[in-house]
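Listed below, chain by chain, are the residues.
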Amino acid sequence: MEELRRIIPGASFTLLAAGEVFLMNCALEQAEALEAVHREEPIFLRHIQPVDRTMDIDGSATDLQGLADMIRNARLSFEEKRTAVHIRRNAHTSFHYSASDTKALLDAVLEELGAEPVVQGPEIIISIYAAGDKLYVGFGTPKEMLSDWPGGAIRFQREEGQVSRAKFKLLEAEIAFGLRYADYRHALDVGAAPGGWTSLLLERGLRVTAIDPAEMHPSLLVSPVLTHIKRNAAEAKLPKEAFDLLVCDMSWSPMLMSKLVLDLRSSLAPGATAVVTVKLMHRKPMQTIREVKERLGTAFIVLKAKQLFHNREEITLYLRSKE
Ligand SMILES: C[S@@+](CC[C@H](N)C(=O)[O-])C[C@H]1O[C@@H](n2cnc3c(N)ncnc32)[C@H](O)[C@@H]1O
């Protein structure tokens, strides 16, 4: 909310789900507000749903029929468009239908309208949020909504033998920042143990040098393209300009992490990419982020800062080493 207030003066907010979902009102036209959000994408905003229609509900059978009629009469062309229906709700809604029942009915309406109902890769999303005695309904592209996952909550399947849940953070960063790890050759993974991030980079076909005084998961050590430097990263001796990708997930003081990453810079090729998590341990997250961006900005271009769905008390930075 603080970030939105800065880019949309006069914006006011009503909480729909504490700490998670809020309704924003502002004097701007919808298109202008969306443009402002995209121009300076807020770090902590994962998803934005325009509210094109609001519908009163009373917990009866007419709610679902009313919603179907609203979509039927939306006067939007869904013809031949891959269209996804996202349904979310807060804890205090009188909308009793399950997401799957609602989706089944709306998918049938979409087929009537000539659309192709899809779950993945939509061109248009119909986003429905049920709160109290209202349904908030919005239409938009995944780009406008910042994500094609309901509420930006991207979920990955847990795999058998997965080394750590941390792997999901690096997977999500690949999608969120439009990266392709397979395009890189040699990664430096700082604070690598037990090795979730390393395992993903190995799967993508990279050579990996992992630095961590802690043990790496035994399943990784058989890899002929993994080198584990078992020490503090500040003491590691690394070849010059050897790595085209640096990843760092140290869960450490943001300022010490920044110093360490800056000290490792000579081992990076010019223009190398970096993906770094920043722990927000203090009460002033925006100030911490500003300071880290300033420090790292001396050697890196900060391409994006985002709190990913899989980040908890942290954000992820996407950086490029200056030439
Ligand atoms: C959150 S864990 C990393 C999880 C890892 N990304 C994964 O996917 O499994 C943080 C790691 O950073 C390591 N670490 C903290 N300070 C470090 C330093 N100065 N040098 C190297 N590793 C460090 C810790 O030993 C710990 O294993």
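Not measured: the values here are computed from a predicted model. (Residues numbered from 1 in each chain as written. Predicted model: local features only at pLDDT ≥ 70, side-chain atom pairs only at ≥ 80, totals over all residues. Heavy atoms only, no water.)

Draft legend 1. Structural context of the packing of helix α3 (residues 62–72) against helix α4 (residues 99–112). α4 packs onto α3 with a crossing angle of 30° between their chain directions and a minimal axis gap of 10 Å. By the criterion of interaxial angle, the relationship of α3 to α4 is roughly parallel. Every pair of crossing elements has a handedness; the one defined by α3 and α4 is right-handed. For the pair α3 and α4, contact is made by Leu64, Gln65, Leu67, Ala68, Ile71 and Arg72 and by Thr102, Leu105, Leu106, Val109, Leu110 and Glu112, respectively. Taken together, the residues of the contact of α3 with α4 break down into 8 nonpolar, 2 polar and 2 charged. (Axes fitted to C-alpha atoms, helices over the stretch in contact; angles between N-to-C directions. Helix = DSSP H or I, 4+ residues; strand = E, 2+ residues; numbered from the N terminus. Parallel < 35°, antiparallel > 145°, perpendicular 65-115°, else oblique. Left-handed = near helix turned anticlockwise from the far one by under 90°. Contact = heavy atoms within 4.5 Å. Nonpolar A, V, L, I, M, F, W, Y, C, P; charged D, E, K, R; others polar.)

Draft legend 2. Main features of the pattern of salt bridges. All told, the structure shown has 17 salt bridges when counted by the stated rule. Across the pair Lys169 and Glu314 runs a salt bridge whose closest N-O atoms are separated by 2.9 Å. Linking Lys169 in helix α6 (residues 167–176) with Glu314 in strand β14 (residues 314–321), this pair joins segments that are 145 residues apart in sequence. The residues Lys169 and Glu314 share a single accessibility class, namely buried. One connected set of salt bridges, linked through shared partners, spans Glu41, Lys304 and Lys306. (Salt bridge = Lys/Arg side-chain N within 4 Å of Asp/Glu carboxyl O. Buried < 20%, exposed > 50% of the residue type's maximum accessible area, 1.4 Å probe, protein only.)

Draft legend 3. Just the domain arrangement of the chain, in detail. Along its sequence, the chain is carved into domain 1 (46–152) and domain 2 (167–321). The C-alpha-based centres of domain 1 and domain 2 are spaced at 38 Å. (Domains from an automatic or database assignment.)

Draft legend 4. Main features of the packing of aromatic side chains. For the coordinates displayed, the defined rule picks out 5 aromatic pairs. Here the aromatic rings of Phe13 and Phe22 are separated by 5.1 Å at their centres, their planes lie at 85°, and the arrangement is edge-to-face. In this structure Phe13 comes out as buried when scored by relative accessible area, which is 18%. With a relative accessible area of 24%, Phe22 lands in the partly exposed category. With 5.1 Å between their ring centres and 20° between their planes, Phe177 and Tyr318 make a pair best called stacked. With a gap of 141 residues between them, Phe177 in the loop between α6 and β8 (186–190) and Tyr318 in strand β14 connect regions that are remote in the sequence. The exposure class assigned to Phe177 is buried, which follows from its relative accessible area of 8%. (Phe/Tyr/Trp six-rings, centres within 6.5 Å; stacked < 30°, edge-to-face > 60°.)

Draft legend 5. A look at α6. Counting buried residues along α6, 8 of its 10 residues qualify, which places the element largely inside the surrounding structure. Taken together, the buried positions of α6 are occupied by Lys167, Phe168, Lys169, Leu170, Leu171, Glu172, Ala173 and Glu174. Along its buried surface, α6 packs onto α7 (196–203), β11 (243–248), β12 (268–279) and β14. Looking one or two places after α6, you find Gly178, whose phi comes out positive at around 65°.

Draft legend 6. Molecular detail of the site of the ligand. The local shell around the ligand holds 19 residues, among which Gly196, Trp197, Asp212, Ala233 and Asp249 are the closest. One of the backbone N or O atoms of Pro194 is found 3.4 Å from an oxygen atom in the ligand. Within the backbone of Trp197, an N or O atom sits 2.9 Å from an oxygen atom of the ligand. In the complex, 82% of the free accessible area of the ligand, which totals 610 Å², lies under the protein chains. (Near = heavy atom within 4 Å. Polar contact = N/O pair within 3.5 Å; in protein donor to acceptor, adjacent residues only side chain to side chain. Areas by Shrake-Rupley, 256 points an atom, 1.4 Å probe, with all protein chains shown as cover.)

Draft legend 7. Expanded view of unusual backbone geometry. The residue after Ala193, namely Pro194, is reached through a cis peptide bond having omega 0°. Among the structural elements, Pro194 can be located in the loop between β8 and α7. Even without being a glycine, Leu146 presents a positive backbone phi close to 75°. One can find Leu146 in the loop between α5 (142–145) and α6. In the Ramachandran plot, Glu241 falls in the positive-phi region, its phi being about 50° despite a non-glycine side chain. Residue position: Glu241 is located in the loop between β10 (226–229) and β11.

Draft legend 8. Quick look at the sheet that holds strand β6 (residues 124–131). Reading across from one edge, β3-β7-β6-β4-β5 is the order of the 5 strands in this open sheet, with mixed pairing throughout. Two strands lie at the open edges of the sheet, namely β3 (53–56) and β5 (116–117), each paired on one side alone. The pairing of strand β4 (residues 82–89) with β5 spans 2 bridges and is classified as parallel. Its bridge partner being in β5, Arg82 is matched across the sheet by Glu116. Contacts from α3 reach β3, β6 and β7 (134–140), with the element oriented near 155° to β3. (Pairing = 2+ DSSP bridges.)

Draft legend 9. Geometry of the nonpolar core. If you look at the biggest cluster of nonpolar residues, it comprises 33 residues, and the most contacted ones within it are Val190 and Leu246. Secondary structure elements with two or more residues in this core: β8, β11, α8 (254–263), β12, α9 (285–296), β13 (300–306) and β14. Per-element accounting of this core gives the leading share, 5 residues, to β12. Not counting the four nearest positions on each side in its chain, Val190 is found in contact with Ile211, Ala233, Leu246, Val247, Cys248, Asp249, Met250, Leu260 and Leu264. Ala173, Phe177, Tyr184 and Val247 belong to the second largest nonpolar core, which has 26 residues in total. (Core = buried A, V, L, I, M, F, W, Y, C linked by side-chain atoms within 4.5 Å.)

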